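Commentary on secondary and tertiary structure
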Amino acid sequence: MRIVLFLATNLAVLVLVGTIFNLLGFQGLLEENGVDLNLQALLVFCALFGFGGSFISLLLSKWMAKRSTGAYVITQPRNRDEQWLLETTRELAGKAGIGMPEVAIFPSESPNAFATGWNRNAALVAVSAGMLRQFPREEVRAVMGHEIGHVANGDMVTLTLIQGVVNTFVMFFARIIGHTVDRVVFKTERGYGIGYFVVTIVAEIVLGFLASMIVFKFSRWREFRADAAAATLTDRAAMIGALDRLRQKQPQQKDLPGELTAFGISEQLKQGLGRLFSSHPPLEDRIRALKGNP
């Protein structure tokens, strides 16, 4: 199913980009002389691809989240836990000034939660069955406050915009590098040579790897904001307690599916340089921030 979704997303982006590119009157990325890059056309092309993929993924995010986690959306509560979860989410959404999100439980013993969706008034918040069983209700409530904080802050849309900008400039500069190397090193006089395609692919991988640090930096920063929102919406001590309990259980934790890791309450601990490519700051840092310590 993920492969089908991946192919469908890319096909949709290709059709969208091709249509808009033609409507704007661009016939290709080279000038009419077949030698020089048309930088205006290149930037438009990269922006369409860079933002197109990000926004299509955002629009499909709730559906993808439900499919990838097996989340069960609560429509009619079947027990007291589900009733409490709905009422708690409704209360917190009201406090945060957003529309009531869909509330779901996903079948995982690993304590985690996530929020996603393109619209702050039609989002999805979900908590694992393991967290509901293992955590006291006041701590689960704080975690739900954290996820509601993400929604109220518009973090999903902001992250999509940042990813779109990063994608655009990675593609743009990779093609400039590929074009330059193809002309200077491989001596291609007109059109595209094999050097252009090889160098462009390598440059995209390298630049994409480096640029991802920008996205992860924002992702870590927004976790502190969501923690602060949880402390305001619920109880600071309960949020500290939830993070401390997560820290104690961290060695046994399993990550959410890759596309949802950045939207979870926690992820696996990374060391050294790996922290630069982590979507979440260390739990110890988040606890210190909530306690007001530098």
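To start, this report covers the structure provided alongside it.

Definitions and limits used
- Sequence order as written defines residue numbering, which begins from 1 separately in each chain.
- Whole-chain, interface and lining totals are the exception, using all residues; otherwise, since this is a predicted model, local features are given only for residues with pLDDT of at least 70 and side-chain atom pairs are given and counted only at 80 or more.
- The side-chain quantities take in all heavy atoms of the structure and omit both hydrogens and water.
- When DSSP finds two or more bridges between two strands, those strands count as paired.
- Helix numbers and strand numbers start at the N terminus; a helix is a DSSP run of H or I with at least 4 residues, a strand a run of E with at least 2.
- For this analysis, residues touch if any pair of their heavy atoms sits within 4.5 Å.
- A fitted line through C-alpha atoms represents every axis, and for helices the fit uses only the stretch in contact; the resulting angles, taken between N-to-C directions, go from 0 to 180 degrees.
- Put simply, a patch holds well-exposed residues, over 30% relative accessible area, that have no salt bridge, with like charges counted together within 9 Å and Val, Leu, Ile, Met, Phe, Trp or Tyr side chains within 5 Å.
- Only the protein chains shown count as covering a residue, and every accessible area follows the Shrake-Rupley method with a 1.4 Å probe.
- Each reported salt bridge corresponds to a side-chain nitrogen of Lys or Arg within 4 Å of a carboxyl oxygen of Asp or Glu.
- Only buried residues count toward a nonpolar core, which is a set of Ala, Val, Leu, Ile, Met, Phe, Trp, Tyr and Cys residues joined through side-chain atoms within 4.5 Å.
- Only protein chains enter the area calculation, which uses a 1.4 Å probe; residues under 20% of their type maximum are buried, those over 50% are exposed, and those in between are partly exposed.
- For classification purposes, angles smaller than 35 degrees are called roughly parallel, those larger than 145 roughly antiparallel, those between 65 and 115 roughly perpendicular, and all remaining angles oblique.
- Working rule for handedness: look at the near helix, and if it is turned counterclockwise from the far one by less than a right angle, call the crossing left-handed; if clockwise, right-handed.
- For this classification, the nonpolar set comprises Ala, Val, Leu, Ile, Met, Phe, Trp, Tyr, Cys and Pro, the charged set comprises Asp, Glu, Lys and Arg, and every other residue, Gly included, is treated as polar.
- Buriedness for pockets is judged along seven lines, at least five of which must meet protein on both sides within 12 Å for an open set on the 1 Å grid over protein atoms alone, while cavities are sets there where a 1.4 Å probe fits but cannot get out, and lining residues have an atom within 4 Å of a point.
- Grid points are joined across faces, edges and corners, and a volume is the space filled by probe spheres set on the points.

The strand order across the open sheet formed by four strands is β1-β2-β4-β3, and the pairing between neighbours is mixed. Strands at the two margins of the open sheet, each flanked by one partner only, are β1 (72-73) and β3 (113-116). Sheet topology places β1 next to strand β2 (residues 102-106); two bridges connect them, and they run antiparallel. Paired with Val 73 across the two strands is Ala 104, which belongs to β2. Strand contacts of helix α4 (residues 80-96): β1, β2 and β4 (124-128), with the helix running at about 140° to β2, the strand carrying the most contacts.

Moving on to a nonpolar patch on the surface. A cluster of nonpolar side chains, namely Tyr 192, Ile 194, Phe 197, Val 198, Ile 201, Val 202, Ile 205, Val 206, Phe 209 and Leu 210, defines an oily patch on the protein surface of about 980 Å² accessible area. Structurally, Val 206 is set in helix α8 (residues 194-233).

The next thing to look at is the environment of Ile 205. Take Ile 205: it is sitting in helix α8. Separated by 34 residues in the primary sequence, Ile 205 and Met 171 place their C-alpha atoms 9.7 Å from one another.

Once that is clear, we can look at the nonpolar core. Ranked by size, the top nonpolar core spans 39 residues in total, and within it Leu 85, Val 127 and Met 131 carry the most contacts. Filtering out sequence-adjacent residues up to four positions away, Val 127 remains in contact with Leu 85, Ala 104, Ile 105, Phe 106, Asn 112, Ala 113, Leu 132 and Met 144. If you look at the next biggest cluster of nonpolar residues, it comprises nine residues, including Ala 65, Val 73, Ala 104 and Ala 126.

This brings us to the pairing of β4. Burial of β4 is extensive: five of the five residues sit out of reach of the surface. Alternating residues of β4 divide into Leu 124, Ala 126 and Ser 128 and Val 125 and Val 127, and every residue in both groups is buried. Sheet topology note: the β2/β4 ladder contains five bridges and is parallel. Pairing of Ile 105 across the sheet is with Val 127, part of β4. As judged from the four bridges shared by β3 and β4, these two strands associate in the antiparallel manner. Note on β4: the bridge partner recorded for Phe 114 is Ala 126.

All right, on to the packing of α8 against helix α10 (residues 283-291) then. The geometry of α8 relative to α10 is characterised by a closest axis approach of 10 Å and an angle of 45° between their N-to-C directions. When the axis of α8 is compared with that of α10, the two are oblique. Crossing geometry of α8 relative to α10 is assigned as right-handed. The residues of α10 that touch α8, namely those facing Glu 223, Phe 224, Asp 227, Ala 228 and Ala 231, are Asp 285, Arg 286, Ala 289 and Leu 290. Counted by class, the contact of α8 with α10 contains five nonpolar, no polar and four charged residues.

On to the layout of surface pockets. Size it by volume and the second largest pocket reaches roughly 210 Å³. Around the second largest pocket, the lining residues are Gln 163, Val 166, Asn 167, Val 170, Met 171, Gly 208, Phe 209, Ser 212 and Val 215. Those elements that place two or more of their residues in the lining of the second largest pocket are α7 (155-184) and α8. Of the residues forming the lining of the second largest pocket, the biggest block, five residues, is contributed by α7. Taken together, the residues that form the lining of the second largest pocket break down as five nonpolar, four polar and no charged.

Let's shift gears to unusual backbone geometry. Peptide bonds are mostly trans, and most non-glycine residues show a negative phi. With phi around 60°, Lys 187 is a residue other than glycine that occupies positive phi space. Considering the arrangement of structural elements, one finds Lys 187 in the loop between α7 and α8.

With that out of the way, let us pick up the environment of Ser 110. Positionally, Ser 110 belongs in the loop between β2 and β3. Taking the C-alpha atoms as reference points, Ser 110 and Gln 250, separated by 140 residues in sequence, lie 9.1 Å from one another.

These figures capture arrangement, not role.
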